[in-house]
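# Observations on chain architecture
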Amino acid sequence: MSGERENVRGSRSRPSRDSSSGPRISSQSVILGRVQPQAPGNRTIYCNDRDANLPVRFKGNSISTTKYNFFTFFPKGMFEQFRRVANCYFLMISILSMTPISPVNPVTNVVPLTLVLLVSLIKEAFEDWKRFQNDMVVNNTLIDVLQDEKWVAVPWKKLQVGDIVRVKQDGFFPADLLFLASTNADGVCYIETANLDGETNLKIRKALERTWDYLTPEKAAEFKGEVQCEQPNNSLYTFTGNLIFQKQTLPLSPNQILLRGCSLRNTEYIVGAVVFTGHETKVMMNSMNVPSKRSTLERKLDKLILALFGTLFMMCLIGAIGSGIFINQKYYYLGLDKGVAAEFNPSNRFVVAALTFFTLITLYSTVIPISLYVSIEMIKFIQSTQFINKDLHMYHAETNTPALARTSNLNEELGQVEYIFSDKTGTLTRNLMEFFKCSIGGEVYGSGVTEIEKGAAQRNGIKIQELRKSATAIQEKGFNFDDHRLMRGAWRNEPNSDTCKEFFRCLAICHTVLPEGDESPEKITYQAASPDEAALVTAAKNFGFFFYRRTHTMIHVRESCVEKMGKIQDVAYEILNVLEFNSTRKRQSVVCRYPNGRLVLYCKGADTVIYERLASGNDDLKKVNRAHLEQFGSAGLRTLCLAYRELSPETYESWNEKFIQAKSSLRGRETKLDEVAELIEKDLILIGSTAIEDKLQEGVPACIETLSRAGIKVWVLTGDQMGTAINIAYACNLINNEMKQFIISSETDAIREVENRGDQVEIACFIKEEVKKQLKKCLEEAQHYLHSAPGPKLTLVIDGKCLMYALDPTLRVMLLNLSLNCTSVVCCRVSPLQKAQVTSMVKKGARKITLSIGDGANDVSMIQAAHIGIGISGLEGMQAVMASDFAIAQFRYLTDLLLVHGRWSYLRICKVIAYFFYKNLTFTLTQFWFTFQTGFSGQRFYDDWFQSLYNVIFTALPVIIVGLFDKDVSASLSKRYPELYKEGIRDAFFKWRVVVTWACFSVYQSLVFYHFAITSSASGKNSSGRMLGQWDISTMAFTCVVITVNLRLLMICNSITRWHYISVGGSILAWFMFIFVYSVLRENVFFVIYVLMSTFYFYLTVLLVPIVALFGDFIYLGIQRWFFPYDYQIVQEIHRHELDDNTSAGSLEVGRQRTAQEEGNPLPREISRHTGFAFDSPGFESFFAAQLGIYAPQKAWDVARRASMKSKPKMPQRN
């Protein structure tokens, strides 16, 4: 642990092994040759002795991040492809097409499937090849290894466990190393863990004092130690082991371990011994993929595919039954005599029906499109890489951070989110901490006013005057404190000056901060694990306790005005132990020795854990400080309590022995250390508390208000105390004074009284019962408010202790019902596990689309639990980003990500799926109608290649263009009318009603294609006077199908670009070019197109059939738009004469506030200046009423009347 004094004890059971110690003695068992058996729970490593390690067969240091190798690529790749049900279906169809019962050429089914699989495999191979190249670069990087008393450069991949290596400054550690020696004084080195967790703050690591001398190759060659340590695991921040060296056992901690992937900084070079290599290193054991997530729409697509399977089955069943009935010897001209094939033998109708069933499966196989998945994947990939990643509206210039879509599977899911779970610190706030106020000995210091206080005063109609800074005020990063009573040594004149001195020393000593740069207050910089720690040390500096140097065992502080005004003295405090902060302990302690021998434990942490460990007595100070904490919390400040304890040498030595034993334990070390810490972190004396301000991110309140109008409910899950969380919620517009608040807190007199008695069983039972009563009471009130006419919006605030009991299976349903009735929920004092539990509760219990957003490692479980995980690229490292599906730099970018990209993606994918369903069903049904005229024999209507290329070429490109470029309204209008987003939450565009509507038009159009083609050609003759044959009719019908389905696509487009015209025109042209060439080469359709184009019937059919086929769609779309418009269609009508503005200038109007006149009218009676015509339609009125939360029913005839009115286009104004 950082700054910890090294303690050494003799080993009773593990004799050392060095060059003169003779045979190696097992630390746990008898000797077997030179090799000790490896215990299941730990491993033994012989440093600087390859021969001893060889029989154990440790893994090599070569790594591979590829999915495949030369032998596994084909089988594993094919397995991945055939995990998709659709590909298995097409494989079955291809196999059936090779049988004699198939009416189609097997090539026409095998080739498209082969192409799809080939493209997918090539993509997989290309991505894997890039991984392989990266692996080669890493594996062949050179590192200095000790061989024959000299450093020899060898590739990383040749490193072995136990090797001694040298890593130079700015170099990366090639494996997990045991830190032995450093060129820095006191055996310390500085490392950067950015590749591990994204944090750029330097961390300190220290070698054991007994190994400091092994720095030169000659000296390092003498090092012969035995490492007993844990087996490889993926815990980045823990390590349990002992170094047995020179007949002594030295405990090892994470501070002696240098992990692969980290880099060396501010150190000339270090020497280390390899402990874990290759895939057993901690970073490689953490390199697992984010849990696979499938979008809700994709799961619904599976149901649609199953529905198509059902449709196919019914079509084939009808054909099979018809075949069994139709087949009869009376049709003598069919030659159904003895010796006929089984599929046409009238004497066994069941066999005929069964064989016809399989025949028709191959014939109707196009009902399920083979190119659907490929097209959707392509569309999603381009949407994420070209549109989301390159959106300048989500680019953060200050940090040079663009948005990043780490997966393309969930694009459309962004358009259906109903619940957002957000962290507070670093997500809603900036995570730029400033020391703002403090309470010392029961007195509050600091005169500033926070943003939260200003917002609260504004809500109450109070005007706050800006306070002028005093002459003693100091402004620097991390310090925004102003109070002349403490600055420049004035604290000496305070009545509690001794307490002030302890307060400042606690700030200057109790931390793990590293100083960098010149040892002067103006030039020094602090590298801290968190911005809070840096702010506290900076505050100590400005109060006259300047921490400027840290060594292995000492902290140096330059203290001003301690003994008398103006006197400066450098004091070195010996750091004996550091009890580090973690999410369970919620506190940090340091045991230090003053130069005069005084032993003191300084402790800082959350108020709940500090108060539990205070000595009895001094109740007045505790009560006053608790009031100050609540005051700070209501101002939105982050608080910590500071305390200390005087230690006698006997007490410390007794405790330190237990600490050393716990630290040397190979099993359960962390638990034992926590238990030992409890023994000394008690009977503390309260010094005071600190209050740090974390300001809101820019645009957060406006973003949350916009998301709320979009029908999205935002929940805040934070570790802060309740007062801070509530005030942040107020500042974010998450809570307002008009809302009814339900507060479930463990900070009640009744609960405190039970807690003071100390019976843990009684406490648990009492709190659970209290929570149950509160939940029941709140739920009854909520239901009463919901059933009352204009009831207020509801909000729930609950703390972590109550939440722990509320998440119990017996109370979870009640909590869920109450939460779902609330507009917003604030959970405070929650642990990372509780964040994930709340997210899972709503995800599984409410079956709504959830999104979690956070910036720290403590948010990872919450991010992975939700349908969509968003990582903020913030100051708490990159672990949240690495676990997320999408990454953005600021919370406010959620508006663009959800309301623009998410809604567009949802709308586009819905259209793509529905259109694929329509065009394939339409095409297949024409073949189905033909079956009735062929005696259900399975005779094909179209040529094989017509059928194969229909999806691949003739209708492929236009649907991709729609999936990429179609948009109902511009980005600026999407944000101006966030209510449009509710259509995605309701899943309005992919309901079964929509699918059935498309299916009805497929049936209608297929009947038109087939019967018009048959009827129009019944009396038709070609130029030679011959009647048109089957291939003439089918080619004519296919031409109509290609033209119609491509034109139908244009009818569903909300915006048409040149790419739409090019793709549609190009697809129709591709058909004609193909048939011109193909009819020359193919025997059955020889010169068909030339014969058809010589007749009048062809041109008449090609002109009239698409018009008749699309006439029904035209009527339906018109009626739907006039009488039953979607919300986006109303917005289109309002802004139909505006230019499509998707530029940054256009997005400025998103933030337009309603004028006072608009605020006064509940329903706007006149359209905005953008439309150019009066506005009095109840149909439009209902849309705006919904925006304002007022119910006004639509009247369809008024919408139709308004939509049919003519208005002049708006003329551009002249300057």
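For the structure, see preceding data.
It should be emphasised that the depicted structure is a prediction, and the values quoted were computed from it without experimental measurement.

## A short note on the overall build of the protein chain
Of the regular secondary structure elements, the protein chain holds 41 helices and 36 strands. Residue pairs at least 24 apart in sequence account for 73% of intrachain contacts in the protein chain once pairs closer than 6 positions are excluded. Accessible surface computed for the protein chain: about 53000 Å², of which carbon and sulfur atoms make up 57%.

## Examining the state of the cysteines
A complete count under the given rule lists 0 disulfides for this structure. For the unlinked cysteine Cys-438, the closest cysteine sulfur is that of Cys-500, found at 7.8 Å. Cys-732 provides the cysteine sulfur closest to Cys-703, a residue in no disulfide bond, and the two sulfurs are 9.8 Å apart. Taking relative accessible area as the criterion, Cys-703 reaches 3% and is therefore assigned buried.

## Thoughts on the sheet that holds strand E4 (residues 150–155)
Read from one edge to the other, the open sheet built from 6 strands follows the order E4-E3-E5-E14-E6-E12, with strand pairing classed as antiparallel. Where the open sheet ends on each side, the last strands, each with one partner, are E4 and strand E12 (257–258). Across 2 bridges, the pairing between strand E3 (residues 142–147) and strand E5 (residues 164–168) is antiparallel. Across the sheet, residue Val-145 finds its bridge partner in E5, namely Val-165.

## Quick look at the pairing of E3
Bridging between E3 and E4 involves 6 bridges; their strand directions are antiparallel. Paired with Gln-147 across the bridge in E4 is Lys-150. Once E3 ends, the chain turns through 2 residues before running back antiparallel as E4, passing Asp-148 with a positive phi of about 55°.

## What to know about the sheet that holds strand E36 (residues 886–888)
Strand pairing in a sheet relies on backbone hydrogen bonds, with the paired strands running either antiparallel or parallel. Strand order across the open sheet formed by 9 strands is E15-E36-E35-E34-E16-E30-E33-E32-E31, with mixed pairing between neighbours. With one partner strand each, in any of the chains shown, strand E15 (404–405) and strand E31 (740–744) form the two edges of the open sheet. Sheet analysis places strand E32 (residues 794–799) next to strand E33 (residues 824–828), joined by 5 bridges and oriented parallel. Residue pairing in the sheet places Asp-799 in a bridge with Cys-828 of E33. Of the strands in this sheet, strand E16 (419–422), strand E30 (713–717) and strand E34 (850–854) touch helix H24 (residues 832–845), which is tilted by about 155° from E30.

## A few points about the environment of Trp-129
For Trp-129, the position within the fold is in helix H4 (residues 106–139). Of the residues examined, Trp-129 reaches a relative accessible area of 48% and is grouped as partly exposed.

## A closer look at the side chain of Asn-577
The topology assignment puts Asn-577 in strand E25 (residues 568–579). Only 2.6 Å separates the side chain of Asn-577 from the side chain of Tyr-652, close enough to count as a polar contact.

## Let's talk about the pairing of strand E6 (residues 176–182)
Each regular strand displays side chains that alternate between the two surfaces of the sheet. The buried fraction of E6 amounts to 7 of the 7 residues, a majority that puts the element mostly inside the structure. Relative to strand E14 (residues 269–276), E6 runs antiparallel, the two sharing 6 bridges. Within E14, the position partnered with Leu-177 by the bridge is Val-274. Taken together, the 2 bridges between E6 and E12 define a ladder with antiparallel strand orientation. Bridge pairing links Leu-178 to Ile-257 in E12.

## Points about unusual backbone geometry
You will see that Asn-48, though not glycine, has its phi angle at about 65°, which is positive. Assessed through its relative accessible area of 18%, Asn-48 is described here as buried. Positive phi is not limited to glycine here, since Asp-170 has a value of about 70°. Overall, the relative accessible area of 46% leaves Asp-170 in the partly exposed class.

Reading guide: rules and limits
The numbering scheme is per chain: residues are counted from 1 as the chain's sequence reads. Since the coordinates come from a predicted model, pLDDT governs what is reported: local features require at least 70, and pairs of side-chain atoms require 80 or more to be given and counted, while whole-chain, interface and lining totals use all residues. Side-chain measures were taken over the full set of non-hydrogen atoms in the model, leaving aside hydrogen atoms and water. Comment: elements are numbered from the N terminus, with helices defined as DSSP H or I runs of at least four residues and strands as E runs of at least two. The contact criterion used is simple: two residues touch if any of their non-hydrogen atoms lie within 4.5 Å. Reported accessibility uses the Shrake-Rupley method at a 1.4 Å probe radius. Residues are deemed covered only where the shown protein chains occlude them. The disulfide definition used here is simple: a pair of cysteine sulfur atoms within 2.5 Å. Relative accessible area decides the class of each residue, using a 1.4 Å probe on protein chains only: under 20% of the type maximum gives buried, over 50% gives exposed, and in between gives partly exposed. Note: two strands are recorded as paired if DSSP finds a minimum of 2 bridges between them. To get an axis, a line is fitted to the C-alpha atoms, and for a helix only the part in contact is used. The angle between two axes follows their N-to-C directions and goes from 0 to 180 degrees. Distance and chemistry together define a polar contact, namely a pair of N or O atoms within 3.5 Å, with one atom able to donate a hydrogen and the other to accept it when in protein, and with adjacent residues in sequence counting only for side-chain atoms on both sides.

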